Amino acid sequence: MEQGEGHTILLTGATGFIGAAVFKQILASGNLPIALLRPVSNASRLQGLKEYRSLTYETLQSAELVRELQKYRPKTLIHLAWHWRDATGRDSKGIYQVTDNLPLTIDSVKLAQAVGCTHWIGIGSREEYGNANCQVDESYPTMPATVYGQAKLSACWAALSLCQAYGMCGSWMRTCGVYGRHDEPSRLIPYLIKEMCLGNTPKLTKCEQIWDYLYVDDAARGILSVANAQVPGIFNLGSGMAVPLKIVVERIRELVNPQIQPEYGAINYSPGQVMNSLADITKITTLTGWQPRISLQDGLKLTVDEDRHKL
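Caption draft 1: Expanded view of the confidence of the model for the protein chain. Across the protein chain, pLDDT averages 92, with 95% of residues at or above 70. Below pLDDT 50 for its whole length, residues 86-92 participates in 9 contacts with residues either more than four positions away or in separate chains.

Caption draft 2: Structural context of the pattern of salt bridges. Within this structure, the stated rule accounts for 10 salt bridges. Notably, a salt bridge pairs aspartate 217 with arginine 181, separated by 3.0 Å at the nearest N-O pair. You can see aspartate 217 sitting in helix 7 (residues 216-229) and its partner arginine 181 sitting in the loop between strand 8 (178-179) and helix 6 (188-197), a full 36 residues away along the chain. Judged by relative accessible area, which is 18%, aspartate 217 ranks as buried.

Caption draft 3: Looking closely at the sheet that holds strand 3 (residues 53-56). Taken together, 7 strands build an open sheet; the order of strands is 3-2-1-4-5-7-11 and the sheet is parallel. Sheet topology places strand 3 and strand 11 (233-237) at the edges, where each strand pairs with a single neighbour. Looking at each pair of strands side by side, their axes are set apart by 20° on average, direction ignored. Where strand 1 (residues 8-12) meets strand 2 (residues 32-37), 5 bridges bridge the pair, whose relative direction is parallel. For leucine 11, the partnering residue across the bridge sits in strand 2 and is alanine 35. Together, strand 1, strand 2, strand 3, strand 4 (76-79) and strand 7 (169-175) form the strand contacts of helix 1 (residues 17-28), whose direction differs from that of strand 2 by roughly 150°. Along the sheet face, helix 7 touches strand 4, strand 5 (119-125), strand 7 and strand 11 and points at about 145° away from the line of strand 5.

Definitions and limits used
Residues numbered from 1 in each chain as written. Predicted model: local features only at pLDDT ≥ 70, side-chain atom pairs only at ≥ 80, totals over all residues. Heavy atoms only, no water. pLDDT = per-residue confidence, 0-100. Contact = heavy atoms within 4.5 Å. Salt bridge = Lys/Arg side-chain N within 4 Å of Asp/Glu carboxyl O. Helix = DSSP H or I, 4+ residues; strand = E, 2+ residues; numbered from the N terminus. Buried < 20%, exposed > 50% of the residue type's maximum accessible area, 1.4 Å probe, protein only. Pairing = 2+ DSSP bridges. Axes fitted to C-alpha atoms, helices over the stretch in contact; angles between N-to-C directions.

Rendered as structure tokens:
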């Protein structure tokens, strides 16, 4: 089967926020991405692409799916899928994070091995470190305080152990503060942009948190740098710099509506609030040469310009 230039890379979660950015950069690089989609997947983030290849699955263990993918001789599977809702459509902040997503992650490793991939990459979260409130490298103790963080950590070790058993290169990337176009509307930056565009005054905490923010295109390049280098292990994926959250809010206010005066302190911090979130990215930069390219100032402008068109 004709494959085009470069390598074939499989993606679960290609219709998600980070997944769509990874998918587009694979296309731009001359490699062939294949999106593995569920029947309920919303492919709106992939709109505008002239053509892309996708396969729909009910289960990643489908023999038919395996046979079809083997024709492409894929090199890498990047697992970005993570289900957020249960079968009834309810938000899944509890048990479903484990009961659905851990088997899904394991199945993605099994699929990678079955179709002949030499490399599997999974996407984790800074929440695996828990409420560290300091800069963390990959050797920092993992003490997740949320079910989400615990589920991600469980998926990390189960998947990497299975990769080792298969003799396959396995990588896990813990993202920190990824933002940008096509982000989930419920997250803070899209919420701020929408409220200020509508002329509303956002109600916020005191915004004293100091957080690491990474633009989504830089995050996608970071993931692909690990794929290209074929390096195993756990990697932090952030900007390596942290800024007070209030600076982020004020930058968005300047870009959208300088007349808005956010209500700082209108909302109390949640129990266990992370006040300092900063990723040490020495490992990924040293082993792959990747570096963030887009400053927070430029990234916020790109995000505001994109989100304004949706309103």
